[in-house]
Amino acid sequence: MEDNTKPSSYLDDPPNSRLFLVTSKSITEDTIRDHFSTFGEIQDIWVVKDKHTKESKGVAFVKFSKSSQACTAMEEMHGKCLVEGTKPIKVFIAQSRSSGSHRDVEDEELTRIFVMIPKTFTEEDMKETFKDYGDIEYCIIIKNKLTGESKGLGYVRFHKPSQAAMAIENCDKTFRAILAEPRTKTSTTENEYFGNSRSEHMANESGMSGYPFSADNNYTSGDMWNSDMITRCLMVSSRAAITQEQVYSLFDLIPGMDYCEMQRDQYGFSKGQAMIRYNNLGSAVYAKEKLNGFEYPPGNRLVVTYVDDGEDRTSPVGKMAMQLVAAQMMSMVWNGPTGPQLMKTSTGYTPVATSQKPRVQTDVNLPPVKKMAPSDSVVKERLFVIFNPSPLPVDVLEDVFCRFGSLVEVYLVPGRNVGYMKKSLTNVRGHTNIQCRTRDLNDMTCYMTGRT
DNA sequence: CGACGGGACGC
DNA sequence: CGACGGGACGC
């Protein structure tokens, strides 16, 4: 219901380009113009007067064409006397007309900008980039707290509002600089990925504190890499940068994972290795078999090895028995009479008879088919999917992705190997958390993208 | 490799 | 303490 067509709507455009002055009843529009026109193009001056008596209320609004002009005028003119003998004036950035608030806008809200930066940017790079616009108090890059990698977003705090405004107006548009929202307002723009719930989950289910390995153990010493060993614990190594969420998502495709943690050096940097533990041997064997040498992301070969978990692997006979069990299980998984679908039971995983014959066989444990959402549902989330070598048929994709609920539509970008799975509900999930490889070697790499 | 359009901080 | 007019509206 905002009437942006009204000529008055320009008063908030651009944001923070209008000043609120507390002067004296005797100060006129002309006096204000005399003092403020040096700071930039004044679009409007309005001295507030009583409707009936026409007497000035001692306040005024000054609209500049740019926020930086308004900010500079505020910084220069606040506390000055416009006329000999009158009280010093107060100057604030005016609240936007739509806000309805009359609270003073504080410098705190006007000196910090929020920018999108290349993931490779350091805080020094940011300083170097934004110092052209004024004195920088600090630069902060938002990083993934688990891996330390940049999220490509950052804050720059300047000393003066005019400097932040200059940065917003004049920096390269690719930074998409805007004023940062004050931090105390706990923003809820983005769901936190499942890293949080995972931590809780693991703390509950596997008792991380009691786990024999901790981050400061040295896994690379001793005979812990004995390749004969079969355990529930796996180590995955990656040359390319890979996040904990990615590792988690990948190994969580095999049911039964109860622990997954990136190994870090003493500075908290990822070492390109992660530890995974399953709650049963079969899952670990299966995971190693399926994911060792797996390209993730494509082109990056993962190496998966067993890690000594301190459990009994006493006699060679016992080891053979375990291998036999594992082999049997894998055989069931892959050659079971009803296909690759698995169902979790208290003792492990058994093939499940499904009435419908799946058109696509995956190496992941798919949930049962669910009804699609009505096709006119509002799309709340899209899953971006990359296919290799070529897209799967739409009906197959519907069969696969409806199982995760609220699927509205499968959309394949014409002529491209990419598509979107549109969903009417949002999952609390992160990025890049599915990669499934179908039996016919069609790869699908799925990335969560932003909400619509 | 890849489309599109983005967005948020450990008190 | 100190907060929201007047004017006229464009493919």
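Figured I'd write up the structure that's included with this text. Not measured: the values here are computed from a predicted model. Sequence positions are assigned chain by chain, starting from 1 and proceeding in written order. Each chain takes a letter, starting from A, and each ligand takes a number, starting from 1, following the order in which they are written. Local features in this predicted model are restricted to residues of pLDDT 70 or higher, and side-chain atom pairs are both shown and tallied only at a pLDDT of 80 or more, whereas totals for entire chains, interfaces and linings draw on every residue. Computation of side-chain values covers all heavy atoms of the structure but excludes hydrogens and water.

Let us now look at the nonpolar core. What is meant by a nonpolar core is a set of buried Ala, Val, Leu, Ile, Met, Phe, Trp, Tyr and Cys residues, joined one to another through side-chain atoms within 4.5 Å. Relative accessibility thresholds used throughout: buried, under 20% of the residue-type maximum; exposed, over 50%; partly exposed, between the two (1.4 Å probe, protein chains only). Within the largest apolar cluster, 28 residues are counted, with the highest numbers of intra-cluster contacts made by Leu234, Val236, Val247, Leu250, Phe251, Ile276 and Tyr278. Secondary structure is summarised from DSSP: a helix means a run of H or I of at least four residues, a strand means a run of E of at least two, and numbering begins at the N terminus for each. The set of elements that each furnish at least two residues to this core consists of strand S9 (233–237), helix H6 (244–251), strand S10 (257–264), strand S11 (270–278), helix H7 (281–291) and strand S12 (303–307). The element that contributes the greatest number of residues to this core is H7, accounting for 6 residues. Once you skip the residues sitting within four places of it in the chain, Tyr278 turns out to touch Arg232, Leu234, Phe251, Ile254, Pro255, Gly256, Met257, Asp258, Ser283, Ala284 and Ala287. With 24 residues, the next largest nonpolar core counts Ile32, Ile45, Met77 and Ala165 among its residues. Any two residues whose heavy atoms approach within 4.5 Å are treated as being in contact.

Further remarks concern the pairing of strand S17 (residues 418–423). The alternating pattern of S17 places Gly419, Met421 and Lys423 on a buried face, while none of Val418, Tyr420 and Lys422, on the opposite face, is buried. Two strands make a pair as long as DSSP finds a minimum of two bridges between them. Here strand S16 (residues 407–412) runs beside S17; their pairing, made up of 5 bridges, is antiparallel. For Glu409, the partnering residue across the bridge sits in S17 and is Lys422. Joining the antiparallel neighbours S16 and S17 is a turn of 5 residues, in which Gly415 adopts a positive phi near 75°.

Counting through the fold element by element, Phe64 comes out in strand S3 (residues 56–64). Here Phe64 falls in the buried class, since its relative accessible area comes to 0%. With 50 residues separating them in the primary sequence, Phe64 and Pro14 have C-alpha atoms 9.0 Å apart. Setting aside anything within four residues of it in sequence, one finds Phe64 in contact with Ser17, Leu19, Phe36, Phe39, Gly40, Glu41, Ile42, Gln43, Gln69, Ala70 and Ala73.

Residues are classed as near a molecule or strand on a simple rule: at least one heavy atom within 4 Å of it. Around DNA strand B sit 27 residues in total, of which Tyr155, Arg176, Arg183, Phe384 and Tyr420 are the nearest. Backbone sugar and phosphate groups make up 28% of those atoms of DNA strand B lying within 4 Å of the protein. Here a phosphate oxygen of DNA strand B sits 2.8 Å away from a polar atom, N or O, in the side chain of Arg183. Here the surface near DNA strand B is composed, by residue class, of 15 nonpolar, 4 polar and 8 charged. Here a polar contact is recorded for every N or O atom pair within 3.5 Å, except that within protein the pair must consist of a potential hydrogen donor and a potential acceptor, and residues adjacent in sequence are included only if both atoms are side-chain atoms. Under this grouping Gly is polar, as are all residues other than the nonpolar Ala, Val, Leu, Ile, Met, Phe, Trp, Tyr, Cys and Pro and the charged Asp, Glu, Lys and Arg.

Before going further, it helps to spend a moment on the packing of helix H2 (residues 67–77) against helix H4 (residues 161–170). One can describe the packing of H2 onto H4 by two numbers: an axis separation of 8 Å at closest approach and a directional angle of 170°. In terms of orientation, H2 and H4 fall into the roughly antiparallel class. Across the interface between the two elements, Ser67, Ser68, Cys71, Thr72, Met74 and Glu75 from H2 touch Pro161, Ser162, Ala165, Met166 and Glu169 from H4. Only the stretch in contact is used when a helix axis is fitted, and all axes are lines through C-alpha atoms; the angle between N-to-C directions ranges over 0 to 180 degrees. Roughly parallel covers angles under 35 degrees, roughly antiparallel covers those over 145, roughly perpendicular covers 65 to 115, and oblique covers all other angles.

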